[in-house]
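Working through the structure, step by step
Chain by chain, the residues:
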Amino acid sequence: MIAHYKYLFGFLSILVFSPLSSFCQTTVLLDDTSELRDIGRQAYYFEDSTLELSIEDILDDAIRNQFQVNSQETINFSSTASAYWLTFKAAKIKDGDFYLNLGSAYIDSISLYEFDDKDNLISTRHTGDDLPFSSREIEVGNYLFSLDIEPNTTHVFYLRVKSDQPLFFPLRVGTLPNFVAYEHDLDFLQGIYFGFMLLIFLYNLFLYFSTRERIYLYYIAYVFSITWFMASVFGYYFEYLWPNFPFLNQLVVASSGLTMITATLFTQKFLNTKETSPRMHKGSMLFLVIGFIVCLLVIFGLKIEGLKLSQGGLLIMAAYFLILGIRFKLKGYRPAKYYLLAWGALIIGIIFAILESLNLTFVMTYLNAMQIGSALEVVFLSFALGDRINVYKKEKEDAQVEALVSAKENERLIQEQNVLLEQKVKERTTELIQLNEQKDMLVDMVAHDLRTPLHQIKGIMWILDVPKIELPKEQKEYLSQIDNSVDRLSEMIGQILNTHGMEVNQINLKNEVIDLVDVVQYVAKSFQLTADEKNIKVMVRAEKGNHYAKVDKNYMIQVLENLLSNAIKFSEKGSHIMLHLNSKKGKTFISVEDNGPGISEQDQKKMFGRYQKLSAQPTAGESSIGLGLSIVKKFVEAMNGTIHCESELGKGTQFIITFNTEE
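Counting restarts for each chain: residues are numbered from 1 in the order of the written sequence. With pLDDT at 70 or above as the cut-off, local features in this predicted model cover only qualifying residues; side-chain atom pairs require 80 or more to be listed or tallied, and sums for whole chains, interfaces and linings still use all residues. The side-chain values count all of the structure's non-hydrogen atoms but skip hydrogen atoms and water molecules.

Some details on helix α9 (residues 278–299)
Heads up, the rule is: A run of H or I in DSSP becomes a helix once it reaches four residues, and a run of E becomes a strand once it reaches two; helices and strands are each numbered from the N terminus. To estimate how far a helix should reach, multiply one less than its number of residues by 1.5 Å. Under the scheme applied here, a residue whose accessible area is under 20% of the maximum for its type counts as buried, over 50% as exposed, and between as partly exposed, the area being computed with a 1.4 Å probe on protein chains only. Contacts: residue pairs with any heavy atoms within 4.5 Å of one another.
Given a rise of 1.5 Å per residue, 22 residues ought to cover 32 Å, and the 32 Å separating the end C-alpha atoms of α9 matches this to within 8%. Buried within α9 are the following residues: Met-280, His-281, Ser-284, Phe-287, Leu-288, Ile-290, Gly-291, Val-294, Cys-295, Leu-297 and Val-298. Next to the buried residues of α9 lie α7 (254–271), α8 (273–276) and α10 (303–330). Following α9 by one or two positions, Gly-301 adopts a phi angle in the positive range, close to 85°.

As structure tokens, then:
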């Protein structure tokens, strides 16, 4: 009973003797240790739009008379670039350690000035997100300040707050156990929320690595951006990740821009708007632009402008995507129903959060509306992704069944076509065999019938002995041309018969070990007259060594005749041709080298083909049917040798034949 009268007397003393301010505000009585108590209605506020007023300026009567009473329990100044001063009186009626609480972890700058009942400044305390976390009097997410007031005395407090984010918070007093109980409930609910968001993040990250589908990457980026914003609002990132780097807190608003970007990318991919609704797809690109602009504004220090743009952009984006979802639901796209529920929940959360920040509705205590809306949204979006997988799975199964039926039908058609093709092939093969037999017969007949009159003409020319006969010069030239034409015709018939023999595999080799020097000298001598007509010198050089090889002598002579004939045809008058033999390391090499125009790389690729006319032309108008080199290659390979060409335009050509040397 004595204690009761003691506290009653103290309370009456405070009312009677406490100094009266110019605005006669009520006094906050520190007398209840059982629960937290809001004191927002007992505080007065003043807006400092200049951001330059100090505590001395505020104590001036001209400024103090401009303070206005706060009309609601929660302090709410919405999104503002101004600093706000709050003032209240506090008197301790009951023993206990009382604390002042600013129920937000998201205030940039806080300064608390404490005056005694004689207007003497007792203490000054500074903290906020712009200072390291250790600047807080008690290192917790929400701000706590000790109210160290002697019993039965009254102190006056001035509180300056400034934030580039929405500036609203509960202003409360209570004991430390009261705050611990509140923080316990807050952390429990926040733990459920962030644990759930982390679970959704990790689950979809696993799905992305399993499927490599980009839609899951967009989704986890979207979940991360929302979680980043919420964890920053409640101060968890600052407290646990970068307590000594407060400048990182300035980037929190950028997470709203990132949310717009990732939400747009996810929606475009989920609804495949680029293919199914190109016009709406182009419209959604606007939100990508807004998201990037928000991020840029934050980076360049315009956080208030970025915040206001993001608030409007998020609300419009949510409504736009809701309309987009309705369109796809009406088109019969099944996953769209979950998408609609997701964006409906987010829209409600965004609207309520904006109204909360604009001071148009009450402030929630433990969770905010965006958290509830975003949690419901990610749940429904997870359902939507799952349903989308089921739709794709069913479409894949239907496609597989259709493909199986189509494959069976194709197999039946292929079998029918194979039967027809086999029949056609047999008929065509029979026709080709008959045509080939007729061709062989025709070649033999033509060669025989042509050679007989040619031999007769050659015989008559030999009887006439053209060089010795007394005829006019002009007639002698005609007879000489006839003789040359007969030789060319004989050569062409020989090449045709050789080609025909290769085609029907009628090359009858009689390989024997011979000295290639003799063959080379024989061929060089036989072409001496032809070379003399163009004043070309044919030389033979045989290196010391064994030049024996196992070849068919007649075919070897034809090979060298073809090569030497070509060398003479394509060499200029007065030049020289070298036939060179060399043996080393078990190989014998025969080269025919001229200093003619050379052969291009393109011509070298096709020179051994049949009927191939090369770009180089004979120097004296000689004829060529393009069979010589193909015959040469065929004969050399038939004698187990190889042939290749080395040539450079303008520097001549060298054909090199290689055989195994025989002992």
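Past the structure itself, the notes keep going.
Points about the nonpolar core
Formally: Here, nonpolar core refers to any group of buried Ala, Val, Leu, Ile, Met, Phe, Trp, Tyr and Cys residues whose side-chain atoms link them within 4.5 Å.
Grouped together as the largest cluster of nonpolar side chains are 61 residues, with contacts concentrated most on Tyr-219, Phe-266, Phe-270, Met-317, Phe-321, Tyr-339 and Trp-343. At the level of secondary structure, the elements contributing two or more residues to this core comprise α4 (176–211), α5 (214–233), α6 (236–240), α7, α9, α10, α11 (336–357) and α12 (369–464). Contact partners of Phe-321, with chain neighbours within four places excluded, come to Ala-263, Thr-264, Thr-267, Ser-284, Phe-287, Tyr-339 and Trp-343.

A word on the pattern of salt bridges
To keep it simple, the criterion reads: Salt bridges are defined as contacts in which a side-chain nitrogen from Lys or Arg sits within 4 Å of a carboxyl oxygen from Asp or Glu.
Throughout the structure, instances matching the rule amount to eight salt bridges. Across the salt bridge formed by Arg-37 and Asp-31, the nearest N and O atoms sit 3.7 Å from each other. What makes Arg-37 partly exposed here is its relative accessible area of 28%. A relative accessible area of 34% places Asp-31 in the partly exposed class. The closest approach of N and O atoms between Glu-137 and Arg-125, which form a salt bridge, is 2.9 Å. Of the two residues, Glu-137 is situated in the loop between β9 (121–127) and β10 (143–147) and Arg-125 in strand β9; the sequence distance between them amounts to twelve residues. Judged by its relative accessible area of 37%, Glu-137 falls in the partly exposed class. Counted as one network, the salt bridges with shared partners bring together Glu-114, Arg-125 and Glu-137.

Re the confidence of the model for the protein chain
Low-pLDDT stretches of the model should not have their predicted coordinates read in fine detail. Where we set the bar: What pLDDT conveys is the predictor's confidence in a given residue, as a value from 0 to 100.
Averaged over every residue, the pLDDT of the protein chain is 79; the share at 70 or more is 79%. With pLDDT under 50 throughout, residues 1–23 is counted as low confidence; its partners more than four residues away or in other chains account for 25 contacts.

Notes on the sheet that holds strand β17 (residues 587–594)
Just so we agree on the cut-off: The pairing criterion for strands is at least two bridges between them, as found by DSSP. As a rule, the C-alpha atoms of each element are fitted with a line to give its axis, helices using only the stretch in contact, and angles between N-to-C directions run from 0 to 180 degrees.
Taking strand neighbours across the sheet as the criterion, the five strands line up as β14-β16-β17-β19-β18 in an open arrangement whose pairing is mixed. The sheet is open, and its two edges are formed by β14 (537–542) and β18 (642–647), each paired on a single side. Recorded for the sheet is a direction-independent mean angle of 15° between the axes of neighbouring strands. Two strands pair when backbone bridges link them, and β14 and strand β16 (residues 576–584) are joined in this way by six bridges, in the parallel orientation. Paired with Val-538 across the two strands is Ile-577, which belongs to β16. In this fold helix α14 (residues 516–526) packs onto β14, β16, β17 and β19 (653–660), with an angle of close to 175° to the strand it touches most, β14.

Quick word on the packing of aromatic side chains
What counts, and what does not: For Phe, Tyr and Trp, rings pair up if their centres lie within 6.5 Å, where Trp contributes its six-membered ring, and each pair is then called stacked (planes under 30 degrees apart), edge-to-face (over 60) or tilted (otherwise).
This structure, assessed with the given rule, holds 22 aromatic pairs. Relative to Tyr-158, the ring of Phe-115 has its centre 5.7 Å away and its plane inclined at 85°; by these criteria the two rings are edge-to-face. A residue pair is termed long-range when its members are at least 10 positions apart, and Phe-115 in strand β8 (residues 109–115) and Tyr-158 in strand β11 (residues 154–162) qualify at 43 residues. Look at Tyr-158 and you get buried, because its relative accessible area is 2%. Each member of the aromatic cluster is reached from another via a ring pair, and the members are Phe-46, Phe-67, Phe-115 and Tyr-158.

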